[in-house]
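Coordinates in review
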Amino acid sequence: YVVTAYHSKNYTAQLNSFSFRCAVSNGDVYDWDAVFSGNIVTASLPESADLTALKPAFSVSDNATVTVNGIVQTSGESAQNFSGSLVYKVTAEDGVVSKSYTVTVIKKRLEYVYLPAYGVAGYSVDTSSGELTAVPGSPFFTGMAAGGMTSSPDGRFAYVANRDAKSITAVTVNMKTGALTSLPA
């Protein structure tokens, strides 16, 4: 018997994920995931982001290639200027099937407000509408009867006055999510 095996090429041209690793104004680095709506990909980055040489990380269908303006792109390595929208073309392994994705980066001002009470309630602020959305994990326990709060000049730390305990709790502020984490006393 003679057995012949053929490799079937992948005919799928799909962009599965797209993200950026980017620093916020205080220097902390975070991964920022893009949002997909069909073949439109939108990423919101902090307003301090330099859009002129971003290296996006992306995943695609098995053995597919990605190009921008005919130049092959490598995830996490190929730098692009995202000052305007870019078209990422994903070509399947078969070399015939392809799909284009328009990637747009929007600079967004990250704003958070905090209300000290029994713990600290945190909210993200939509800077265009003023709408408040609770920060995941809020309220944050910082001690009994938080009475006041102030932040360091760079926004990386906050200090909460605890009325009942007559103490101050220091916390770090996650500049991407707004979450608070108590520092050791």
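Attention here is on the structure that accompanies the text. Keep in mind that what you see is a predicted model, and the values were worked out from it rather than measured.

Definitions and limits used
- Residues numbered from 1 in each chain as written.
- Predicted model: local features only at pLDDT ≥ 70, side-chain atom pairs only at ≥ 80, totals over all residues.
- Heavy atoms only, no water.
- Helix = DSSP H or I, 4+ residues; strand = E, 2+ residues; numbered from the N terminus.
- Buried < 20%, exposed > 50% of the residue type's maximum accessible area, 1.4 Å probe, protein only.
- Contact = heavy atoms within 4.5 Å.
- Pairing = 2+ DSSP bridges.
- Axes fitted to C-alpha atoms, helices over the stretch in contact; angles between N-to-C directions.

Looking at the environment of L86
Looking at the secondary structure, you find L86 in strand β8 (residues 86–91). Under the relative-accessibility criterion, L86 is labelled buried at 12%. For the pair L86 and Y101, spaced 15 residues apart in the sequence, the C-alpha separation amounts to 8.2 Å. Those residues in contact with L86 that lie beyond four places of it in its chain are V68, Q80, N81, Y101, T102 and V103.

Considerations on the sheet that holds strand β10 (residues 112–117)
As summarised here, the arrangement of the three strands in space is β10-β11-β12, forming an open sheet in which the pairing is antiparallel. Single-partner strands in this sheet number two, and they are β10 and β12 (132–134). Each adjacent strand pair in this sheet contributes to an overall mean axis angle of 35 degrees, direction not counted. The pairing of β10 with strand β11 (residues 119–125) spans six bridges and is classified as antiparallel. Considered in β11, the bridge of A117 is made with G119.

Here we look at unusual backbone geometry
Positive phi outside glycine occurs at N63, with the angle close to 65 degrees. Positionally, N63 belongs in the loop between β5 (57–60) and β6 (65–68). Phi is positive for N69, which is not a glycine, with a value near 55 degrees. Structurally, N69 is set in the loop between β6 and β7 (71–72). On the accessibility criterion, N69 (72% relative accessible area) is exposed.

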